[in-house]
Amino acid sequence: MKISLLGFKNPFGETLRGILCEPAQRKTDTAVVLAGGFERAATTEAKHRRLAERLAGLGVSSLRFDATGCGLSDGDFSRLTVSTLAGDLEAACTTMLGAGYRALSVFAHSLAGCAVSAAIDRISFEKIALMAPALDQRGLHRFWYVQQSNPDREIGWNDWPQLIDESAFLAAAKLEMTAKSHRVAATYRETSKDQDYAATIGSFPAARRLLIHGAADDKVPVQSVRAKFANQILVPKGDHDLERPGVIEQWVGQTAEFLAT
């Protein structure tokens with residue numbers, strides 16, 4: 001397997017970087033682009049690295065890239081929106097097509113699933129594999145707000161509609177938010193708080209899309225995904241990241257096979 005660092009420009013002219021994995025013997029001209037979730041670095045996360053290795057073993061090239069302001073990539077993370085993530089994804093795909101690959105499939109985690117949905121009319125994906133996709137941004141933003149407002153109470157997906165203070169939520173959505181290691185401008189929540197990307201994903205051919213989800217995901221509960229998937233891997237007791245030892249093995253091989261065939 002050949003591994004190289006690939007740099008390319010996002011729509012703002014900033015340099016994004018990714019890890020290109022090419023098998024010793026390439027068996028297809030279709031490559032897979034791997035996109036990380038909110039604040040995540042796909043270049044170094046175990047799930048993306050392990051999937052890239054499995055794909056290479058099946059003769060499939062892959063590019064796992066970091067979005068603007070994450071991991072190895074330059075740029076200002078604070079201006080994050082689903083639209084900017086979609087722009088990053090398109091830039092990665094354009095780069096791979098320019099490198100001579102005939103077609104592309106995609107693996108996306110969490111918020112990156114929304115970027116796939118937003119870009120789906122502009123990128124002709126062969127297959128789509130979504131892990132814990134945060135498609136119902138409308139519901140999830142309210143769910144997260146209720147969780148944060150009740151730190152001493154366990155909040156399930158079915159609980160938030162009865163507990164939401166809509167006026168307080170809308171006021172909070174107008175403010176800059178502080179994430180794990182970045183500040184995020186109010187534009188992210190303002191542009192996402194009324195969106196559900198499930199319908200667009202649901203229009204993609206069922207046989208060519210896969211859902212991977214943890215049954216115990218408390219960040220993006222599997223019940224929040226209203227799009228129906230003919231191909232599913234539901235990991236018992238699995239969390240949002242699905243990369244603990246003993247957990248990653250429950251989905252990575254099947255996902256690689258799905259994307260490679």
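What you see is a predicted model, and the numbers here were worked out from it, not measured in a lab. (Residues numbered from 1 in each chain as written. Predicted model: local features only at pLDDT ≥ 70, side-chain atom pairs only at ≥ 80, totals over all residues. Heavy atoms only, no water.)

Regarding the pairing of strand 4 (residues 62-65)
Here is step 1 of the chain: Burial along strand 4 is two-sided: the residues Ser 62 and Arg 64 and Leu 63 and Phe 65 are all buried.
Here is step 2 of the chain: Alignment of strand 2 (residues 15-22) against strand 4, held across 4 bridges, turns out to be antiparallel. When the bridges of strand 4 are listed, Cys 21 appears paired with Ser 62.
Here is step 3 of the chain: Sheet topology note: the strand 3 (residues 30-35)/strand 4 ladder contains 4 bridges and is parallel. Looking at the pairing, Ala 35 lines up with Phe 65 of strand 4.
Here is step 4 of the chain: Note on the crossover from strand 3 through helix 1 (residues 46-57) to strand 4: the handedness is right-handed. (Buried < 20%, exposed > 50% of the residue type's maximum accessible area, 1.4 Å probe, protein only. Helix = DSSP H or I, 4+ residues; strand = E, 2+ residues; numbered from the N terminus. Pairing = 2+ DSSP bridges. Right-handed = clockwise from strand over helix to strand, strands pointing away.)

Regarding the sheet that holds strand 5 (residues 103-109)
Here is step 1 of the chain: Read across the open sheet, the 8 strands follow the order 1-2-4-3-5-6-9-10; overall the sheet is mixed. At either margin of the open sheet sits one strand with a lone partner, and together these are strand 1 (2-9) and strand 10 (231-235). Within the sheet, the average angular offset between the axes of one strand and its neighbour, ignoring direction, is 20°.
Here is step 2 of the chain: Bridge count for strand 1 against strand 2 is 8 bridges, and the pairing is antiparallel. Note on strand 2: the bridge partner recorded for Lys 9 is Thr 15. (Axes fitted to C-alpha atoms, helices over the stretch in contact; angles between N-to-C directions.)

Points about helix 9 (residues 252-260)
Here is step 1 of the chain: Those residues of helix 9 lying buried are Val 252, Gly 253, Thr 255, Ala 256, Phe 258 and Leu 259.
Here is step 2 of the chain: The elements touched by buried residues of helix 9 are strand 3, helix 1, strand 5, strand 6 (125-131), strand 9 (209-214) and strand 10. (Contact = heavy atoms within 4.5 Å.)

Notes on the packing of aromatic side chains
Here is step 1 of the chain: For the structure on display, the rule yields 7 aromatic pairs.
Here is step 2 of the chain: Considering the side-chain rings of Phe 38 and Phe 77, the 5.7 Å spacing of their centres and the 75° angle between planes classify their relative orientation as edge-to-face. Linking Phe 38 in the loop between strand 3 and helix 1 with Phe 77 in the loop between strand 4 and helix 2 (82-98), this pair joins segments that are 39 residues apart in sequence.
Here is step 3 of the chain: Ring centres of Phe 107 and Trp 251 lie 5.8 Å apart, and the angle between their planes is 5°; on these two criteria the pair is classed as stacked. One end of the pair, Phe 107, is in strand 5; the other, Trp 251, is in the loop between strand 10 and helix 9, with 144 residues separating them in the sequence. Each member of the pair, Phe 107 together with Trp 251, is buried.
Here is step 4 of the chain: Of the aromatic side chains, those joined through ring pairs into one cluster are Phe 38, Phe 77 and Tyr 188.
Here is step 5 of the chain: Directly above the ring of Phe 12 sits Arg 79, whose terminal nitrogen or CZ lies 3.7 Å from the centroid.
Here is step 6 of the chain: Here Arg 209 stacks its cationic end above the ring of Phe 229, 5.3 Å away from the centre of that ring. (Phe/Tyr/Trp six-rings, centres within 6.5 Å; stacked < 30°, edge-to-face > 60°. Lys NZ or Arg CZ within 6 Å of the ring centre and 35° of its normal.)

Comments concerning the side chain of Thr 68
Here is step 1 of the chain: Tracing the backbone through its elements, the reader meets Thr 68 in the loop between strand 4 and helix 2.
Here is step 2 of the chain: Owing to a relative accessible area of 10%, Thr 68 belongs among the buried residues under this scheme.
Here is step 3 of the chain: Among the polar contacts made by the side chain of Thr 68, one reaches the side chain of Asn 10 at a distance of 3.0 Å.
Here is step 4 of the chain: Ignoring anything within four residues of it in the chain, the contact list for Thr 68 reads Asn 10, Glu 14, Leu 16, Asp 74, Gly 75, Asp 76, Phe 77, Arg 79 and Asp 88. (Polar contact = N/O pair within 3.5 Å; in protein donor to acceptor, adjacent residues only side chain to side chain.)

Considerations on the nonpolar core
Here is step 1 of the chain: In terms of nonpolar packing, the biggest core is built from 47 residues, with Leu 89, Val 116 and Phe 125 touching the most fellow members.
Here is step 2 of the chain: Examining the composition of this core, we find that 8 residues originate from one element, helix 2, more than from any other.
Here is step 3 of the chain: For Phe 125, the residues in contact, after removing those within four places along its chain, are Leu 89, Cys 93, Leu 104, Ser 105, Val 106, Val 116, Phe 204 and Arg 208.
Here is step 4 of the chain: Counting residues in hydrophobic clusters, the runner-up holds 24 residues, among them Val 60, Ala 129, Met 131 and Ala 256. (Core = buried A, V, L, I, M, F, W, Y, C linked by side-chain atoms within 4.5 Å.)

Description of the packing of helix 1 against helix 9
The axes of two packed helices give the description: the angle between them and the distance between them.
Here is step 1 of the chain: Put simply, helix 1 and helix 9 touch, their axes get as near as 9 Å, and they point 50° apart. With respect to their mutual orientation, helix 1 and helix 9 come out oblique. Seen along the crossing, helix 1 lies across helix 9 with a hand that is right-handed. Contacts between helix 1 and helix 9 involve Arg 50, Leu 51, Arg 54 and Leu 55 on the former and, on the latter, Val 252, Gly 253, Thr 255, Ala 256 and Leu 259. (Parallel < 35°, antiparallel > 145°, perpendicular 65-115°, else oblique. Left-handed = near helix turned anticlockwise from the far one by under 90°.)

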